[in-house]
Amino acid sequence: MPIQTRRSQDGQTQIIKIEGRFDFSTHQAFRDAYEHGGKDICRYVVDLSDATYLDSSALGMLLLLRDHAGGDNASIVIENCNNDVRKILTISNFEQLFTIR
């Protein structure tokens, strides 16, 4: 399965792990991953350690997550990016919108 979700031990962080290609084909699964997390979720972590590819539709999906999570007040971390994915995020100025580590 290309997208797996789990909650942190405190129940307030939704962890979304992407495997393989992060593109339009994962749109519905990614959306389900954060929309069905519950009302008590206040932080999100997008784990890209197993992501091999990211395109412009994935960037759009991350922006939709940001809107869902509260826009400028959202607490979203994108972590474990490979060099190619990190370069795309940097070129797109996503470091201004998300915490990337």
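Preceding this paragraph is the structure being described.
### Description of the side chain of Ser8
Tracing the backbone through its elements, the reader meets Ser8 in the loop between strand E1 (3–7) and strand E2 (13–22). Here the side chain of Ser8 touches Asp10 through a polar contact of 2.5 Å, side chain to side chain. Residue contacts for Ser8: discarding those within four places in its chain leaves Thr13 and Ile15.

### Re the packing of aromatic side chains
The geometry of two aromatic rings is summed up by the distance between their centres and the angle between their planes. Here the structure, examined in full by the defined rule, presents three aromatic pairs. Measuring from centroid to centroid gives 5.2 Å for Phe22 and Phe30, while their planes differ by 50 degrees, and the two rings are tilted. No difference in accessibility class separates Phe22 from Phe30, as the two residues are buried. Ring plane angle 20 degrees and centroid distance 5.3 Å describe the contact between Phe94 and Phe98, whose orientation is recorded as stacked. For Phe94, a relative accessible area of 5% gives the class buried.

### A short note on the pairing of strand E3 (residues 43–54)
Two elements, E2 and E3, share nine bridges in a ladder whose sense is parallel. Note on E3: the bridge partner recorded for Ile15 is Val45. Summarising the sheet, E3 and strand E4 (residues 76–79) pair through four bridges and their orientation is parallel. Each residue of the ladder has a partner; that of Asp47, found in E4, is Glu79. Between the parallel elements E3 and E4, the chain passes through helix H2 (residues 56–68) in a crossover that is right-handed.

### Remarks on the nonpolar core
Of all hydrophobic cores here, the largest spans 26 residues; its most connected members are Ile18, Phe22, Phe30, Leu48, Leu62, Ile78 and Leu89. Looking at this core, the elements with two or more residues in it are E2, helix H1 (27–35), E3, H2, E4 and helix H3 (83–91). Those residues within four positions of Leu89 in sequence are excluded, and the remaining contacts are Leu54, Leu59, Leu62, Ile78, Cys81, Phe94, Glu95 and Ile100.

### A word on the sheet that holds E4
Here five strands make up an open sheet; going across it, the order is E1-E2-E3-E4-E5 and the pairing mixed. With partners counted over all chains shown, the strands left at the sheet margins are E1 and strand E5 (99–100), one partner each. Seen against the sheet, H1 touches E1, E2 and E3 and runs at an angle of roughly 175 degrees to E2. Seen against the sheet, H3 touches E3, E4 and E5 and runs at an angle of roughly 120 degrees to E3.

### Side note on the pattern of salt bridges
In the structure shown here, the tally under the stated rule is eight salt bridges. Lys17 serves as the salt-bridge partner of Asp50, at 3.1 Å between the closest nitrogen and oxygen. Of this pair, Asp50 sits in strand E3 while Lys17 sits in strand E2; the two residues are 33 residues apart in sequence, bridging distant segments of the chain. Under the relative-accessibility criterion, Lys17 is labelled partly exposed at 23%.

About the thresholds
Residues numbered from 1 in each chain as written. Predicted model: local features only at pLDDT ≥ 70, side-chain atom pairs only at ≥ 80, totals over all residues. Heavy atoms only, no water. Helix = DSSP H or I, 4+ residues; strand = E, 2+ residues; numbered from the N terminus. Polar contact = N/O pair within 3.5 Å; in protein donor to acceptor, adjacent residues only side chain to side chain. Contact = heavy atoms within 4.5 Å. Phe/Tyr/Trp six-rings, centres within 6.5 Å; stacked < 30°, edge-to-face > 60°. Buried < 20%, exposed > 50% of the residue type's maximum accessible area, 1.4 Å probe, protein only. Pairing = 2+ DSSP bridges. Right-handed = clockwise from strand over helix to strand, strands pointing away. Core = buried A, V, L, I, M, F, W, Y, C linked by side-chain atoms within 4.5 Å. Axes fitted to C-alpha atoms, helices over the stretch in contact; angles between N-to-C directions. Salt bridge = Lys/Arg side-chain N within 4 Å of Asp/Glu carboxyl O.

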